[in-house]
Amino acid sequence: MNVSGAVAEGFEPVREAFVRNFEVLGDRGAAVTVYRDGHKVVDLWAGTRDVDGAVTAAGEAAPWEQGTVQIVRSATKGVAAAALLLLHQRGELDLDAPVGTYWPEYKAAGKERTLVRHLLAHRAGVPVLDRPLTPAEAADPDLGAAAVAAQAPAWEPGTDHGYHAQTYSWLTGELVRRITGRTIGEWIADEIAGPVGADLWLGLPRAQRARVGRVGQVDAPAQSGALKTRPKPAVTAAYADPASLTRRAFAAITPLPDENDPAYRAAALPASNGIATAEGLARFYASLIGEVAGGVRLLRPETLELARGEQSSGPDRVLVVNTRFGLGHMLHGAASPLLSPTSFGHPGRGGALGLADPESGIAFGYVTNGFRTSVTADPRAQALLRAVRTALAAGR
């Protein structure tokens with residue numbers, strides 16, 4: 001396997017795991033980056049830029065390059081959460097204020113007591129839309145915001161939690177727009193990606209289109225040897241039932257968007273369509289927990305504690321497994337294992353993962369063009385995390 005990039009001394013197990021992801025676990029094109037204490041210690045990439053290995057005019061499959069970017073699906077949620085935490089840190093957003101303080105239309109249909117922290121912690125009770133939006137409608141921030149503002153909650157806001165798979169886009173995006181007057185994509189570009197120096201976009205600029213690869217669904221190879229786990233019957237039933245909160249939450253945009261459509265990539269949907277390099281994702285998380293080389297530190301220590309302090313835990317009414325959330329970030333748990341119990345971050349369904357671990361100083365980013373059926377714990381990302389743990393343990 002031809003792997004490009006470098007690893008610092010002691011982090012060789014990550015390279016070995018990355019190679020195995022291609023040779024055994026079926027990766028087509030991917031990259032992984034690890035920072036420690038603000039400095040890059042792993043930066044690897046391999047495979048083809050496009051999941052289908054589409055050939056160039058020269059008759060060869062375009063290789064994954066250092067600057068190749070990919071859609072990271074729900075890993076975007078961690079970036080959107082940081083935007084709201086930064087607004088809180090600057091005194092522009094009160095986490096304990098009703099959402100209607102900033103967005104009066106949101107008070108409709110019994111949601112007048114919904115707090116800002118409920119939106120971030122997946123406790124708002126609006127993971128579904130009675131009338132799903134088309135991809136074109138979903139890309140219109142006015143239509144998306146109006147839809148969630150009019151939606152009656154599935155449970156009393158603040159009393160329970162369930163993953164807001166798609167509606168998280170309009171909940172977070174509209175709050176940022178009401179407070180700042182800018183779209184969330186513009187705000188992230190100006191206040192996060194730019195100062196940090198991260199190749200990360202919510203709404204891919206036209207000038208960056210040539211860097212993005214085609215993504216698609218891939219099956220795990222039969223010979224992978226990966227442990228095959230059978231979902232609990234309740235989980236299987238929830239995904240099979242069109243009337244369940246599970247199916248309806250993921251179907252809030254119907255039909256599913258074409259993730260290779262330039263128009264979809266150019267939209268700003270903070271629940272699902274951020275585009276980044278692995279280096280950009282890792283660098284973003286490094287900036288949340290410390291000063292990153294050549295960039296800035298975004299979160300003060302007290303704000304960092306808000307990001308990783310538990311707000312929701314236990315049975316998730318949408319994912320039908322036990323989940324844990326801070327204010328917008330997933331926390332370490334059985335359904336979504338991160339680096340350690342002190343980690344926070346966010347997976348992208350079927351592949352990508354970004355996280356930070358303040359105790360070890362590790363920030364991690366993995367992106368791929370081949371999506372699997374996993375929701376919160378992709379085997380390839382998990383293999384890389386195990387390798388990081390091995391490297392850390394050996395270095396003690």
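Up top is the structure.
Residues numbered from 1 in each chain as written. Predicted model: local features only at pLDDT ≥ 70, side-chain atom pairs only at ≥ 80, totals over all residues. Heavy atoms only, no water.

## Overview of the sheet that holds strand β7 (residues 275-276)
Remark on secondary structure: sheet strands pair via backbone hydrogen bonds, oriented parallel or antiparallel.
Thinking step 1. The strand order across the open sheet formed by three strands is β4-β7-β5, and the pairing between neighbours is antiparallel. Strand pairing shows two members of the sheet lacking a second neighbour, β4 (70-71) and β5 (200-201), which therefore form its edges.
Thinking step 2. In terms of strand pairing, β4 meets β7 through two bridges, oriented antiparallel. Directly across from I71, in β7, lies its bridge partner I275. (Pairing = 2+ DSSP bridges. Helix = DSSP H or I, 4+ residues; strand = E, 2+ residues; numbered from the N terminus.)

## Considerations on the pattern of salt bridges
Thinking step 1. All chains considered together, the criterion is met by 23 salt bridges.
Thinking step 2. D96 serves as the salt-bridge partner of R117, at 2.6 Å between the closest nitrogen and oxygen. Of the two residues, R117 is situated in helix α3 (residues 116-120) and D96 in the loop between α2 (76-89) and α3; the sequence distance between them amounts to 21 residues.
Thinking step 3. By sharing partners, the salt bridges in this structure join E105, D142, E174, R177 and R178 into a single network. (Salt bridge = Lys/Arg side-chain N within 4 Å of Asp/Glu carboxyl O.)

## Let's talk about the nonpolar core
Thinking step 1. One finds Y106, I192, L288 and F344 to be the most contacted residues of the largest nonpolar core, which totals 80 residues.
Thinking step 2. If one sorts the elements of this core by residue count, α2 sits on top with nine residues.
Thinking step 3. For I192, the contacting residues outside a window of four places in its chain are V79, A82, A83, L86, W187, F284 and L298.
Thinking step 4. Core analysis: the second largest hydrophobic core is formed by 28 residues, V3, F22, L384 and V388 among them. (Core = buried A, V, L, I, M, F, W, Y, C linked by side-chain atoms within 4.5 Å. Buried < 20%, exposed > 50% of the residue type's maximum accessible area, 1.4 Å probe, protein only. Contact = heavy atoms within 4.5 Å.)

## Quick look at the packing of aromatic side chains
The description of two aromatic rings rests on the distance between their centres and on the angle between their planes.
Thinking step 1. This model, assessed by the stated rule, comprises seven aromatic pairs.
Thinking step 2. Aromatic side chains Y163 and F325 sit 6.2 Å apart centroid to centroid with 15° between the ring planes, which places their arrangement in the stacked category. Placement of Y163 in the loop between α5 (141-150) and α6 (168-180) and of F325 in strand β9 (residues 322-325) is noted, with a sequence separation of 162 residues between them.
Thinking step 3. What makes F325 buried here is its relative accessible area of 0%.
Thinking step 4. On the numbers, 6.2 Å between centres and 65° between planes, the contact of Y285 with F344 is edge-to-face. Remark: F344 occurs in strand β11 (residues 344-347) and Y285 occurs in helix α11 (residues 278-289); sequence separation between them is 59 residues.
Thinking step 5. The exposure class assigned to Y285 is buried, which follows from its relative accessible area of 0%.
Thinking step 6. For F344, a relative accessible area of 0% corresponds to the buried category. (Phe/Tyr/Trp six-rings, centres within 6.5 Å; stacked < 30°, edge-to-face > 60°.)

Geometric descriptors of this kind do not, in isolation, establish any biological role.
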